[in-house]
Amino acid sequence: MEGLFRRGCFKKHRYQDLTQVQRKNCFGSRFHHKIKRHTTSGKAKSLKTRLVVMGNQMKKGEAYVDAFAPVPRSTAGSILMSMAAALDLEMHCVDFSQAFIQAEWSALPEKAPQFFIRPPSGWDEEPGVVYEVLRPLYGIPSSARALHFTLDKWMKSEGFTQSGFEDS
């Protein structure tokens, strides 16, 4: 949670200071724990914890406008690798660390609604505190969409163009 605060994902508020509309857009959150294991031995390699917003409580049209985000098919990767091999090009890998919080709500074509989360169980916080969500997080239906439009905006700024036969 400290890392999410440092990256500007939240702003603290008191629940009692929220308007009725803002209280309607206040959702739960929880921690999702995962044990990463070595593939050969099966022994624990690392413990990961991720904050997840309870997006199942959100209603389309109130807490978010659209959740659609295009996903490339596996054939797209195969085609890229085949083309790189045929043209004797080098390929590089990209892995996003905490991908959703790298995205921006402002990249969405629609206005992202303001919403809040309650601190997850197990997080020591004073009573009555809620967090305004300032960046996309796991569990929010429109987070993948925000990431798509953020990447799209960056690629266009770098001179890439769409292929012309699809909108996404």
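Okay, so let's go over this structure. In this text, all values refer to a predicted model and were calculated from it rather than measured experimentally.

### As for the overall build of the protein chain
Part 1 of the reasoning: Each helix and strand counted, the protein chain has five helices and six strands in total.
Part 2 of the reasoning: Taken over the C-alpha atoms alone, the protein chain extends approximately 60 × 45 × 25 Å along its principal axes.
Part 3 of the reasoning: Sequence separation of 24 or more characterises 72% of the internal contacts of the protein chain that already satisfy a separation of 6 or more.
Part 4 of the reasoning: Accessible surface, the protein chain: about 11800 Å² in total, of which carbon and sulfur atoms supply 54%.
Part 5 of the reasoning: Averaging the locations of the 24 positively and 17 negatively charged side chains of the protein chain gives two centres separated by 8 Å.

### Observations concerning helix 5 (residues 143-157)
Part 1 of the reasoning: In this model, helix 5 (15 residues) spans 21 Å end to end at C-alpha, consistent with the 21 Å of a helix rising 1.5 Å per residue.
Part 2 of the reasoning: Where helix 5 is concerned, the buried positions are Ser143, Arg145, Ala146, Leu147, His148, Thr150 and Asp152.
Part 3 of the reasoning: Looking at the buried side of helix 5, the elements it contacts are helix 4 (99-102).

### Quick notes on the pattern of salt bridges
Part 1 of the reasoning: Under the criterion given, the structure shown has six salt bridges.
Part 2 of the reasoning: Glu110 is the partner of Arg145 in a salt bridge, and the nearest nitrogen-oxygen pair spans 2.9 Å. You can see Arg145 sitting in helix 5 and its partner Glu110 sitting in the loop between helix 4 and strand 5 (116-117), a full 35 residues away along the chain.
Part 3 of the reasoning: Using a relative accessible area of 9% as the deciding quantity, one classes Arg145 as buried.
Part 4 of the reasoning: On the basis of relative accessibility, which here comes to 17%, the residue Glu110 falls in the buried class.
Part 5 of the reasoning: One network of salt bridges, in which partners are shared, links Asp66, Glu110 and Arg145.

### Remarks on the packing of aromatic side chains
Part 1 of the reasoning: A complete count under the given rule lists six aromatic pairs for this structure.
Part 2 of the reasoning: Ring geometry for Phe10 and Tyr131: centres 5.3 Å apart, planes at 35°, overall tilted. Of this pair, Phe10 sits in strand 1 (residues 10-14) while Tyr131 is found in strand 6 (residues 129-133), placing the two residues 121 residues apart along the sequence.
Part 3 of the reasoning: Look at Phe10 and you get buried, because its relative accessible area is 6%.
Part 4 of the reasoning: Taken together, Phe5, Phe10 and Tyr131 form an aromatic cluster joined through their ring pairs.

Reading the values: rules and limits
- Residues numbered from 1 in each chain as written.
- Predicted model: local features only at pLDDT ≥ 70, side-chain atom pairs only at ≥ 80, totals over all residues.
- Heavy atoms only, no water.
- Helix = DSSP H or I, 4+ residues; strand = E, 2+ residues; numbered from the N terminus.
- Contact = heavy atoms within 4.5 Å.
- Areas by Shrake-Rupley, 256 points an atom, 1.4 Å probe, with all protein chains shown as cover.
- Lys, Arg positive; Asp, Glu negative; His and termini not counted.
- Charge placed at Lys NZ, Arg CZ, Asp CG, Glu CD.
- Expected span 1.5 Å × (residues − 1).
- Buried < 20%, exposed > 50% of the residue type's maximum accessible area, 1.4 Å probe, protein only.
- Salt bridge = Lys/Arg side-chain N within 4 Å of Asp/Glu carboxyl O.
- Phe/Tyr/Trp six-rings, centres within 6.5 Å; stacked < 30°, edge-to-face > 60°.

Honestly, that's just the spatial picture; any functional story needs more than this.
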